[in-house]
Amino acid sequence: MLVSLRAVIAVAMLVGFYLLALALVGGLVALEVWALSASVLAGVKIGLFVVPAIFAVLAALVTAERRVDEELAGVAVTPEQQPRLWELVHRLADEVGTRAPDEIRVIAAVNAGVSESTRLLGLLVLRRRMYIGAPLLMCLTEKQLAAVLAHELGHYGNRDTRLAGVVVTGRDALVRLVDGMNPEHLLQKLFAKLFLVYTKLYVRLSSAICRRQEFAADAVSARIAGSSATASALREMRVISVAWQLFVDRHLTVAWSAGYLPKTMFDGFALLRAAPELHPVLEDIRQEDADEDRGPYDSHPPTAARIAAIEALDAQPAREWDDRPAVELVDNPVPLMDRSLMLTLVADAERKKRVDWVTLGHIGVRHQIFLDTKRLLNAAANVLDRDPSLGAVLDALDADRLADLAPNDRKPGDPVAGARARRELAREIVSQELTRLVLLAFVDARHARWHLDWRGQAHLDASGFDLTEVPDLVEAAVAERPDTTGLRELLAGAGIAADFRPARQS
Amino acid sequence: MLSFLNPKNLVILRRVRQEARRLGVAPAALPSDVVAALMLPQLDMAKWGLVPNSEVSAERYVDPSLQVVVTAAREGNWEPAAGRLEETWGDWEARVLVVRALAEVAVQDDTWLRAWQAARPDDPGHAVVQAQTLVIVAWQVRGAQRAVNTTGEQFAGFHRVLVEARSAALTAAAEAPEDPTPWSIHVNLARGLSYHHEDFAAVWDQLIARDPLHHVGHLHALQYWCAKWAGSHDLMTDFATRVAATSPRLAVLPLIAAFEHDDELWSSPSVLTALDVVQARLASEDSNTILTRNERGWVIHTLLPNKRFDEAVVQFRALGPHADGEPWSMHEKPRLWFLKSRVDACKGARQRV
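Here's a quick rundown of the structure. (Residues numbered from 1 in each chain as written. Chains lettered and ligands numbered in written order. Predicted model: local features only at pLDDT ≥ 70, side-chain atom pairs only at ≥ 80, totals over all residues. Heavy atoms only, no water.)

To continue, consider the pairing of strand β2 (residues 103-107) of chain A. All names here are of chain A. Within β2, 5 of the 5 residues are buried, which leaves it mostly tucked inside the rest of the structure. Of the two faces of β2, the one carrying Glu103, Arg105 and Ile107 and the one carrying Ile104 and Val106 are both buried. When strand β1 (residues 75-77) meets β2, the two strands line up antiparallel, connected through 3 bridges. Each residue of the ladder has a partner; that of Val75, found in β2, is Val106. (Buried < 20%, exposed > 50% of the residue type's maximum accessible area, 1.4 Å probe, protein only. Helix = DSSP H or I, 4+ residues; strand = E, 2+ residues; numbered from the N terminus. Pairing = 2+ DSSP bridges.)

Here's what the structure looks like:
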């Protein structure tokens, strides 16, 4: 019943869209005919408005029919390559009571999904595809993975995927139509408004349908994997999202601009997930209240509502599922997952040098620090009119030029701030940059190395030198009455020349 | 498009050209607040006993005898400053004003202050000026923007300099144990350092023990009790109402609290009572300091929404050309706000001179 109701709504709205568009075109043509019959001049004048409007509406109608081919993301795995993964999917499809997908693709995203290539408003299915996010394989248990995949197969079973194509193409066509209207034209602006109202209604309705589909698929998932596994998988998704974001931003690409990538990737993600320093952070996220309702245009219901509905079902699993890590279902997982990840990186990635994780962290942090010190070095060079170097910075401070070392575009908050306030702000900026420059000098002299922990925080491992006193020495160097002797002695003791100037690559 | 044909605009254009000629600059080079002031209705202010618009200035006015001291300090001569500050001993309100004026100089250049310190290490004067200077510097580093528009380094500098200011205030307090001024400065910086209520109370007790009616100290405390700092609307209003009842000198606080409150409280009974008390006090006030000008400004700012224009004109008369006080100074264009309020007061007033 529900299925046919959804079909009726979606098709009716699409038909309504065609009717609306055709009625407009008809009206415009009638207007033009009437104008021409009244006078040729009026016909030409009105035609200047009407013809582009008709063209825009017709163009939108044509593009509504045009199907954008599904972009194939990820790496396809055959049953021969990954027999146990395929076996799980087949077993789940049997339980759901639907045909298994024709293709499984592993993608580098915290997501899973199904799609169908369809024709004739979703009546004819050409090919079923299932997408499985590699981070999910890495982080979920087999039981939780079963819950996630059962949910997706539930969409097939409920024939949601058949309509999904219609809903999405319908929505895209409407948006294209609105975009195609020329806002300079009064008439077209009016049409755009009309279609915008229709589009909003359509998206609201289709989102509401999608939300109901999600609840229905959750129920399928709970029936097969049990309420507790389904709810825990949903909760885990947010944790994986945060961990994945941290992995991509602070680890995978940490040395990207320096020209480096890790030798192997997904083993790093596994290490990150197991890192004790991250446990409390991830546990906090797991305990946090789920996200808020994101409004009527969101295609998914709020996670909290989904979890509540799943737990209310209190369904027991149809059969026992394994509690072992899902990654054990995958043969030789890291190279496969790494390939899926490389596909998401831009073409440049092939040219990056590949190093182990420890080296990568060091290089990434060093490069960032190197970039952070450039400004101060150049400022000192300008102030003293000589080559940029650590010694130049210290000499400029000794010459009482602190204020001149600060950037021009970072000022005290008060626009009429006096000289002292400008110096105080300069002190804040210069001391931070100078500290980095001094530490960089130690690193480049091989007295210290950066260590990036899995939280993404940098630590300095120094051997033979007490670098904890650097902040105090820097503070003395930038004080109202500057004293750089402490810093100079420390540097000289480490054999660092006064003309030290960091190179792009150490 | 045809606005330049509007006779009213032609009149304003002519005024702009005349003003530009008077100042010897191109019309386009006139500051925007000067142009805006020329767009106000041009009333003959003399009819209400007020100085003409052109004489009004938002520049800080310092009385001539103090100005001599300030100028000397700016030129590196600290001895007049030391002498003047010493004279204020016991007159704590005057002391605050002298400290403030000297600190404004030190914010730009403190060479003279260092020289003073070197020459007379035991003089309690330079320590209190130093503490006040650091508080001003800290707030300049931060600026008056909301937290989201303040950068990390501005916050960090603000905090660091305030911590220095605190130790300077404690030093100053130790060197002159009877002087409430260092404690008034401490009350001010306590807000910036987000003191807990108990810690604030300890500082407050020190101030009150030395001068129970310390005007500036009470103004700082009112800010501390604001919702945007460490208090709430209720705590602020309660504080203002309570202290206003203790002395007419503090009756201005409910008027300021009404400004800081989100709701319009101009006509609430406690504000109207305080308004009458401040006006009565100001009627017999013959000194003209930034504190009395602030009070008059707050009185005007409360009178206008209550449509008591005649009384507002009386206060404008007393202010004369000085638009340097509150609340005008809190506006981006103080002079323009002052002039606009003055025009409103005159238009509503019945009496003329």
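Moving on to the packing of helix α14 (residues 269-283) of chain B against helix α15 (residues 290-303) of chain B. Residues and elements named next belong to chain B. Look at α14 against α15: their axes get within 10 Å of each other, and the N-to-C directions meet at 140°. In terms of orientation, α14 lies oblique with respect to α15. When you trace α14 past α15, the crossing you get is left-handed. Across the interface between the two elements, Val271, Leu275, Val278, Gln279, Arg281 and Leu282 from α14 touch Thr292, Glu295, Arg296, Val299, Thr302 and Leu303 from α15. Looking at side-chain class alone, the contact of α14 with α15 contains 6 nonpolar, 3 polar and 3 charged residues. (Axes fitted to C-alpha atoms, helices over the stretch in contact; angles between N-to-C directions. Parallel < 35°, antiparallel > 145°, perpendicular 65-115°, else oblique. Left-handed = near helix turned anticlockwise from the far one by under 90°. Contact = heavy atoms within 4.5 Å. Nonpolar A, V, L, I, M, F, W, Y, C, P; charged D, E, K, R; others polar.)

It is worth spelling out the interface of chain A and chain B at this point. Listed by partner, the interface residues are 18 residues for chain A and 18 residues for chain B. Across the interface of chain A and chain B, roughly 1,500 Å² is buried in total on both sides, 46% from carbon and sulfur atoms. The largest share of the area that chain A buries against chain B comes from A:Arg420, A:Glu424 and A:Glu428, three residues that together contribute 37% of it. Where chain A meets chain B, there are 5 salt bridges. Put simply, chain A and chain B have 11 residue pairs in polar contact (both at pLDDT 80 or more) between them. Across the side of chain A that touches chain B, the residue classes break down as 7 nonpolar, 2 polar and 9 charged. (Buried area = accessible area lost by both parts, 1.4 Å probe. Salt bridge = Lys/Arg side-chain N within 4 Å of Asp/Glu carboxyl O. Polar contact = N/O pair within 3.5 Å; in protein donor to acceptor, adjacent residues only side chain to side chain.)

Quick look at the packing of aromatic side chains now. In total, this model carries 23 aromatic pairs over all chains according to the counting rule given. Note on B:Trp78 and B:Trp116: the rings are 6.5 Å apart at their centroids and 5° apart in plane angle, and the pair reads as stacked. On the criterion of sequence distance, the pair formed by B:Trp78 in the loop between α3 (64-74) and α4 (79-87) and B:Trp116 in helix α6 (residues 111-119) is long-range, its members being 38 residues apart. Since its relative accessible area comes to 12%, B:Trp78 is described here as buried. The exposure class assigned to B:Trp116 is buried, which follows from its relative accessible area of 0%. Each member of the aromatic cluster is reached from another via a ring pair, and the members are A:Trp244, A:Phe247, A:Phe266, A:Phe269, A:Trp357 and A:Trp454. Sitting above the plane of the A:Trp256 ring, A:Lys352 keeps its charged end 4.3 Å from the centroid. (Phe/Tyr/Trp six-rings, centres within 6.5 Å; stacked < 30°, edge-to-face > 60°. Lys NZ or Arg CZ within 6 Å of the ring centre and 35° of its normal.)

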